[in-house]
Structures are given as structure tokens and as C-alpha cells.
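# Overview (structure and organization)
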Amino acid sequence: RIPVNVTGIDISMPALDYGVGAGLYDEAICTNLNERGSAEFAQVEQVMGEADILLSTAALVYLDLETIEIIIEAFANGGGSDKKEGYILVNFLNPFALEKADDTKKILLKYLEFVGSRATRHRRMSELEQRNYPGEEWSLLELWVLKRRSA
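Report on the accompanying structure. (Residues numbered from 1 in each chain as written. Predicted model: local features only at pLDDT ≥ 70, side-chain atom pairs only at ≥ 80, totals over all residues. Heavy atoms only, no water.)

This paragraph deals with unusual backbone geometry. One non-glycine residue, Ala58, lies in positive phi territory at about 55°. With respect to the helices, strands and loops of the structure, Ala58 is situated in the loop between β3 (53-56) and α3 (65-76). With a relative accessible area of 44%, Ala58 lands in the partly exposed category. (Helix = DSSP H or I, 4+ residues; strand = E, 2+ residues; numbered from the N terminus. Buried < 20%, exposed > 50% of the residue type's maximum accessible area, 1.4 Å probe, protein only.)

The structure is reproduced here in C-alpha cells:
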């Protein structure tokens, strides 16, 4: 394994326990990120500021926009005045929660520099999903890469 420190953050302690036990995470923070007044949330803010890479896989849709903004701002300001290099990989699942995805993208672009994106077919939509989104057969996985702005 490459010499990195990985912190898993999730609302599910069993998921984090599995990740630590499997060697995926060195540390774990179990918290509801939408409860911004908790000691764990303050710990998350600190971890974001120290992180070099933030990987968020289909998680931002569950967070309040205020939570997203605080976390992204903490990451963007990481490294203090030195502004060490840092990258974020996030994904969005289309055609679900499009307005929320747009609002989240605006927050990302407010604090970070856009590097690139790609959309690919993710999975066939269920019959129920196709009824809710007429004319759509596939959900798309849209990946975004962003980086900290230089000092």
C-alpha cells in the first residue's frame, strides 16, 4: 500500500468498521454531516483542511447545501497560505435531483478550479424510474474533478 492516511466518513458505523477492518481506512469518523454543531463535524472540517484528496461517491446529494459549502470551503482553504495541491473527485447521478446537483456544482466552482468531467452510462433505469422520468432509459454517472486554486 502506498504511504497515505485515509479517513472514512459515513453515517454508518458498520460500514466504517468494515472499511477499517479491510484496510481501506486508517481512521473513521461516524457522523450525520447535516448535524453541523457536533464535535464530529468539527473534526470533519479539520480533516478536510488537511486532506490532499477528497473522494465523494454519490454522497453529496444527501447533504444540505450549507453542509456541502462548509466542507468544500474547508477543503479549498487547506494548506493555509501555502495552498498545497489538492484534488476532489465527485460524482452526480443523472437524471436524479438535477436542481440539487446544479446547486452543488455552483458551490464547487465557487471554491475550486474545474479540471474536467465525463459522463458515462451507469445503469438501466428501473420501470418505476422510467415512469418518473419519461423518455429516459439509462442513468448517467457524471464525474467531476476539481482542484484547489493556487495561492
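There's more to say after this.
Taken in spatial order, the four strands of this open sheet run β3-β4-β6-β5, and their pairing is mixed. With one partner strand each, in any of the chains shown, β3 and β5 (112-124) form the two edges of the open sheet. Across the sheet, the mean angle separating the axes of adjacent strands is 15° when strand polarity is ignored. As defined by bridge partners, β5 adjoins strand β6 (residues 138-148) across eleven bridges and the pair is classed as antiparallel. The residue bridging Gly116 from the neighbouring strand is Val145, located in β6. (Pairing = 2+ DSSP bridges. Axes fitted to C-alpha atoms, helices over the stretch in contact; angles between N-to-C directions.)

For a regular strand, the rule is simple: side chains alternate between the two faces of the sheet. As defined by bridge partners, strand β1 (residues 7-10) adjoins strand β2 (residues 27-30) across four bridges and the pair is classed as parallel. The residue bridging Ile9 from the neighbouring strand is Ile29, located in β2. Crossover connection from β1 via helix α1 (residues 13-21) to parallel β2: handedness right-handed. (Right-handed = clockwise from strand over helix to strand, strands pointing away.)

To continue, consider the side chain of Thr31. The residue Thr31 is located in the loop between β2 and α2 (39-50) in this model. Those residues in contact with Thr31, other than ones at most four positions away along the chain, are Ile9, Asp10, Ile11, Ser38, Glu40, Phe41 and Val44. (Contact = heavy atoms within 4.5 Å.)

Attention shifts here to the pattern of salt bridges. According to the stated counting rule, one finds seven salt bridges in the structure shown. One salt bridge in this structure joins Glu142 and Lys105, with 3.0 Å as the shortest N-O distance. Within this pair, whereas Glu142 is found in strand β6, its partner Lys105 is found in helix α4 (residues 98-111), the two being separated by 37 residues in sequence. Each of the two residues, Glu142 as well as Lys105, counts as buried. (Salt bridge = Lys/Arg side-chain N within 4 Å of Asp/Glu carboxyl O.)

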